Number of protein chains: 2
Amino acid sequence: MPFEQLKLKHQLCHRLYMASNSIARAYREPLAKINLTYPQYVVMMALWEQDKITIAEVVETTAIDGSAMTQILKKMVEKSLLAVVKDEKDQRKRLIQLTKTGQDLKLKALNIPNEIRCKFTSLNSDQALQLMHYLDLVIHDLSKTEKE
Amino acid sequence: MPFEQLKLKHQLCHRLYMASNSIARAYREPLAKINLTYPQYVVMMALWEQDKITIAEVVETTAIDGSAMTQILKKMVEKSLLAVVKDEKDQRKRLIQLTKTGQDLKLKALNIPNEIRCKFTSLNSDQALQLMHYLDLVIHDLSKTEKE
DNA sequence: TGCAAATACTTTGCATGCAAATTAAAATAA
DNA sequence: TTATTTTAATTTGCATGCAAAGTATTTGCA
């Protein structure tokens, strides 16, 4: 079977592609209720954990592309979720700071992880942890070769 | 720790997001050599496995969104990789058929899975299989709730 | 037979992901 | 100090992913 490895069913990449799209779709509705897209939600989670950080730090934490980040933050400013201010110490940097609205949204978002979790009827929590571990290995292995 | 579940490091979704983006990035360079994007490559793999199928079948096999598929196929026609022809039996349907160029590309693509595989230094093949199984569970669980 | 409902696609609009080029400011070397 | 390099963001262009609306065709039911 010389072409066996080109079959879709054997491809880890395709599983990841489908799983990632599925989960983004699953978040769509719960997030629409609080008027957030998925990447915007990721940015909010980063800021709920630590506020008043630079754009580079948000990029680092969220792994969202820097040029996409500019656009995402712009939209979040329009929604009054956060403010972008210059870092006085280094004029190149911009600091991101949640507004009151942005901080308060955390309470409304609190139940979202549970809403998603209860959709998983086959995957138990031990398996989810194991899965996360394997994904970390994937991310780790691929991040190495990127830097070359 | 009332907000613990909102931390990024605990989120399966964020791991999947990062892993999926990482792997798409990893394919970018090898695929650029044969002038394909990642979704285009997925379509090609589907057609290498079974040619002359309807657009709906390509959508089913690849799990690529139908409206995106229209655009993707249009670009692939421009590259002379395939042709879109009407199904005489059902005028609503379109059949996709590889050109000679499209068929021949299979040989050039043959080594791509290996190129990617050798980037995985931490994840062994048993773990990759286990990971694929878990991803199948995720996809399965989430596909159920979508249909409601 | 005739028409509503279901199918198969396409089109449109919006939000990314990412590479490449650009701009501005700070750090470093000469 | 001045020129070069590096760093932090933004801008631009292209390719999706997806929801919603629109267009043919075909089915299926009265």
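Preceding this paragraph is the structure being described.
Residues numbered from 1 in each chain as written. Chains lettered and ligands numbered in written order. Predicted model: local features only at pLDDT ≥ 70, side-chain atom pairs only at ≥ 80, totals over all residues. Heavy atoms only, no water.

Caption draft 1: Quick peek at the relation of the copies chain B and chain A. Between chain B and chain A, which share one sequence, the superposing operator has a rotation angle of 180° and an axial displacement of 0.0 Å; the RMSD is 0.0 Å. Given the turn and translation reported, the copies of this chain are related as if by a two-fold rotation axis. (Least-squares fit on C-alpha atoms with pLDDT ≥ 70 in both.)

Caption draft 2: Representation of unusual backbone geometry in the model. All names here are of chain A. The phi dihedral of N35 is positive, around 60°, even though this residue is not glycine. Relative to the elements of secondary structure, N35 occurs in the loop between α1 (12-33) and α2 (38-49). Phi at A63 takes a positive value of approximately 65°, unusual for a residue other than glycine. With respect to the helices and strands, the residue A63 is situated in the loop between α3 (55-62) and α4 (66-78). (Helix = DSSP H or I, 4+ residues; strand = E, 2+ residues; numbered from the N terminus.)

Caption draft 3: Layout of the packing of aromatic side chains. All chains considered together, the criterion is met by 9 aromatic pairs over all chains. Look at A:Y27 and A:Y38: their rings are 5.3 Å apart centre to centre, the planes differ by 55°, and that puts the pair in the tilted class. Taken as a pair, A:Y27 in helix α1 and A:Y38 in helix α2 lie far apart in primary sequence, 11 residues in all. Each member of the pair, A:Y27 as well as A:Y38, is classed as buried. Put simply, the rings of A:Y17, B:Y27, B:Y38 and B:Y41 pair up and form one aromatic cluster. (Phe/Tyr/Trp six-rings, centres within 6.5 Å; stacked < 30°, edge-to-face > 60°. Buried < 20%, exposed > 50% of the residue type's maximum accessible area, 1.4 Å probe, protein only.)

Caption draft 4: Focus on the pattern of salt bridges. Scanning all chains against the criterion turns up 8 salt bridges over all chains. With a shortest N-O distance of 2.4 Å, B:D136 and A:R15 are connected by a salt bridge. Residue B:D136 is found in helix α7 (residues 125-146), and its partner A:R15 is found in helix α1; the two belong to separate chains. Here B:D90 ties to B:R92 by a salt bridge, and the two come within 2.9 Å at their closest N and O atoms. Using a relative accessible area of 72% as the deciding quantity, one classes B:R92 as exposed. (Salt bridge = Lys/Arg side-chain N within 4 Å of Asp/Glu carboxyl O.)

Caption draft 5: Representation of the environment of A:P30. Residues and elements named next belong to chain A. As for its position among the elements, P30 is in helix α1. Along the primary structure P30 and I112 are separated by 82 residues, whereas in three dimensions their C-alpha atoms are 6.6 Å apart. If we skip the residues at most four places from it in the chain, P30 touches I112, E115 and I116. (Contact = heavy atoms within 4.5 Å.)

Caption draft 6: Structural detail: the interface of chain B and chain A. Counting from both sides, the interface comprises 61 residues of chain B and, opposite them, 61 residues of chain A. In this assembly, chain B packs against chain A so that about 6200 Å² is buried in total across both faces, 71% of it on carbon and sulfur atoms. The tally of links between chain B and chain A comes to 2 salt bridges. The interface formed by chain B and chain A contains 14 residue pairs in polar contact (both at pLDDT 80 or more). Where the side of chain B that touches chain A is concerned, the elements lending two or more residues are α1 (12-33), α2 (38-49), α3 (55-62), α5 (100-109), α6 (112-117) and α7 of chain B. Counting residues per element, the side of chain B that touches chain A draws most heavily on α7(B), at 16 residues. (Buried area = accessible area lost by both parts, 1.4 Å probe. Polar contact = N/O pair within 3.5 Å; in protein donor to acceptor, adjacent residues only side chain to side chain.)

Caption draft 7: Region of the structure containing the protein's contact with DNA strand D. Surveying the vicinity of DNA strand D reveals 26 residues, the closest of which are A:Y17, A:R25, A:A56, A:S67 and A:T70. Among all atoms of DNA strand D positioned within 4 Å of the protein, those belonging to sugar or phosphate total 74%. In this structure, a phosphate oxygen belonging to DNA strand D sits 2.5 Å away from a side-chain N or O atom of A:R25. Of all the secondary structure elements, the ones that give two or more residues to the surface near DNA strand D are α1, α3 and α4 of chain A together with α2 and α4 (66-78) of chain B. Residue composition of the surface near DNA strand D, grouped by class: 7 nonpolar, 9 polar and 10 charged. (Near = heavy atom within 4 Å. Nonpolar A, V, L, I, M, F, W, Y, C, P; charged D, E, K, R; others polar.)

Caption draft 8: Expanded view of the packing of α2(B) against α3(B). Residue and element names in this part refer to chain B. At a closest axis distance of 10 Å, the pairing of α2 and α3 adopts a crossing angle of 110°. Put simply, α2 runs roughly perpendicular to α3. In this structure, α2 uses V42, V43, A46 and L47 to contact α3, whose residues at the interface are V58, T61 and T62. By residue class, the composition of the contact of α2 with α3 is 5 nonpolar, 2 polar and no charged. (Axes fitted to C-alpha atoms, helices over the stretch in contact; angles between N-to-C directions. Parallel < 35°, antiparallel > 145°, perpendicular 65-115°, else oblique.)

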